[in-house]
Amino acid sequence: MEKSFVQSSLLKEKKDPSFEVPLRPQLLNDFAGQDQIRERLDVLTGAAKQRGETLGHCLFSGPPGLGKTTLAHILAKTMGTNLVVTSGPVIEKAGDLAGVLTNLQKGDVLFIDELHRLNRTVEEYLYSAMEDFTLDLMIDSGPSARSVQVTLNRFTLAGATTRLGLLTAPLRSRFAFTCRLDYYAPEVLAQIIKRTSRILNLDICDDGIMEIARRARGTPRIANHLLRWVRDYAQMRAGSKATQSVVEQALDMLSIDSKGLEEMDKKILDVIIDHHNGGPVGLNTIAAAVGEEANTIEEVYEPYLIMQGFLERTPRGRKATLLAYAHFKK
């Protein structure tokens, strides 16, 4: 009994180093890629710190997984303040927003993810909070209704959105700093993967790192997910050594090809090429053929296929390009 208790306590004390060190970069210097945005943020944070002022409100837009949340963490870390994280759909009522804002200390960074999904009524309350750092709340209703103004500490709102066009003009104009994050080049992704592999204590060769970078769809989040999968595969099948051939076998098991195309990407292109002679084909026809929602195809799969030059949107429907034919050797 005593022996088993000692063993269990030893197991609790033994920690996995991959969970001790966060994968997110903590400083701007550690953040790879997006060079222009990093330089602007360096100027913005440096000037605010020298003047002893609160940082201006920042808006980050772009596809998922490119580092919008990471940049919000870096802002708070650089300014030496606290970060409060929430998301647009979570703040349903004005009272929810008031609870979050009144608990902020001077200089704190409030990060709201999926800002475009914020309730329009709640958004109206946010205007005065961002501009004048006051909150006008209505108490009671009917004849006894009255407005109460609450003074807030000066804070920084960092917003993130994947759909910039859905933000209203009044909200968008209240951000002092706005930037869009773009997809990463494979060379930059290789730097991120190399850093992550050191944190995960994974023995991986440079060719293997580039192989993952080429198949990661220009997205650091996907690159880190693929690296974790390669680590698991190498541990079970290759004695924890990730050579290029091991990496290729691991990614082939996930049906991810050399251009980063997944199973559904291939299905979409196969339907257009094989069933409809390369198109044009209507979106709903493709959705019915592959068994996926039309909105999902349009928002999740199409952007990458168009960016890689495999798909073309026309007024009559979707067409496969010559690059798609060449890639599938058809």
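One can find the structure itself at the top, above this paragraph.
So, how was this worked out
- Residues numbered from 1 in each chain as written.
- Predicted model: local features only at pLDDT ≥ 70, side-chain atom pairs only at ≥ 80, totals over all residues.
- Heavy atoms only, no water.
- Core = buried A, V, L, I, M, F, W, Y, C linked by side-chain atoms within 4.5 Å.
- Buried < 20%, exposed > 50% of the residue type's maximum accessible area, 1.4 Å probe, protein only.
- Contact = heavy atoms within 4.5 Å.
- Pairing = 2+ DSSP bridges.
- Helix = DSSP H or I, 4+ residues; strand = E, 2+ residues; numbered from the N terminus.
- Axes fitted to C-alpha atoms, helices over the stretch in contact; angles between N-to-C directions.
- Phe/Tyr/Trp six-rings, centres within 6.5 Å; stacked < 30°, edge-to-face > 60°.
- Lys NZ or Arg CZ within 6 Å of the ring centre and 35° of its normal.
- Parallel < 35°, antiparallel > 145°, perpendicular 65-115°, else oblique.
- Nonpolar A, V, L, I, M, F, W, Y, C, P; charged D, E, K, R; others polar.

Asker: Let's hear about the nonpolar core: which residues, and what values?
Answerer: Of all hydrophobic cores here, the largest spans 48 residues; its most connected members are Leu41, Phe60, Leu71, Ile204 and Ile212. Non-local contacts of Phe60, meaning those with residues more than four positions away in its chain, are made with Leu41, Lys68, Leu71, Ala72, Leu75, Ala158, Gly159, Ala160, Thr161, Phe177, Cys179 and Leu181.

Asker: I'd like a rundown of the sheet that holds strand 1 (residues 58-61), residues and numbers included.
Answerer: One open sheet accounts for five strands, arranged 2-3-6-1-7; its pairing is parallel. Two strands bound the open sheet, and with one partner strand each, they are strand 2 (83-87) and strand 7 (177-180). Neighbour-to-neighbour, the strand axes of this sheet turn through a mean angle of 15 degrees, independent of strand direction. Strand direction decides the pairing type here: strand 2 and strand 3 (residues 109-113), joined by five bridges, are parallel.

Asker: Explain the packing of aromatic side chains residue by residue, including any values.
Answerer: In total, this model carries two aromatic pairs according to the counting rule given. Taken together, a centroid distance of 6.5 Å and an interplanar angle of 65 degrees make the contact between Phe60 and Phe177 edge-to-face. Linking Phe60 in strand 1 with Phe177 in strand 7, this pair joins segments that are 117 residues apart in sequence. Here Phe60 falls in the buried class, since its relative accessible area comes to 0%. Centroid distance Phe133 to Phe155: 5.6 Å. Interplanar angle 85 degrees. Geometry classified as edge-to-face. A residue pair is termed long-range when its members are at least 10 positions apart, and Phe133 in the loop between helix 6 (120-131) and strand 4 (134-139) and Phe155 in the loop between strand 5 (146-151) and strand 6 (156-161) qualify at 22 residues. Across the pair, Phe155 and Phe133 agree in class, each one buried. For Arg174, the ring lying beneath its charged end belongs to Tyr127, and the centroid distance is 4.3 Å. In this structure, Arg217 packs its charged tip against the face of Tyr304, placed 4.2 Å from the ring centre.

Asker: How would you summarise the packing of helix 12 (residues 263-276) against helix 14 (residues 294-307) if you had to cite specific residues and measurements?
Answerer: Here helix 12 crosses helix 14 at 80 degrees, and the two axes come no closer than 10 Å. Considering the angle they form, helix 12 stands roughly perpendicular to helix 14. Facing helix 12, whose interface residues are Met264, Asp265, Ile268 and Leu269, helix 14 presents Ile297, Tyr301 and Leu305. Split into classes, the residues belonging to the contact of helix 12 with helix 14 amount to six nonpolar, no polar and one charged.

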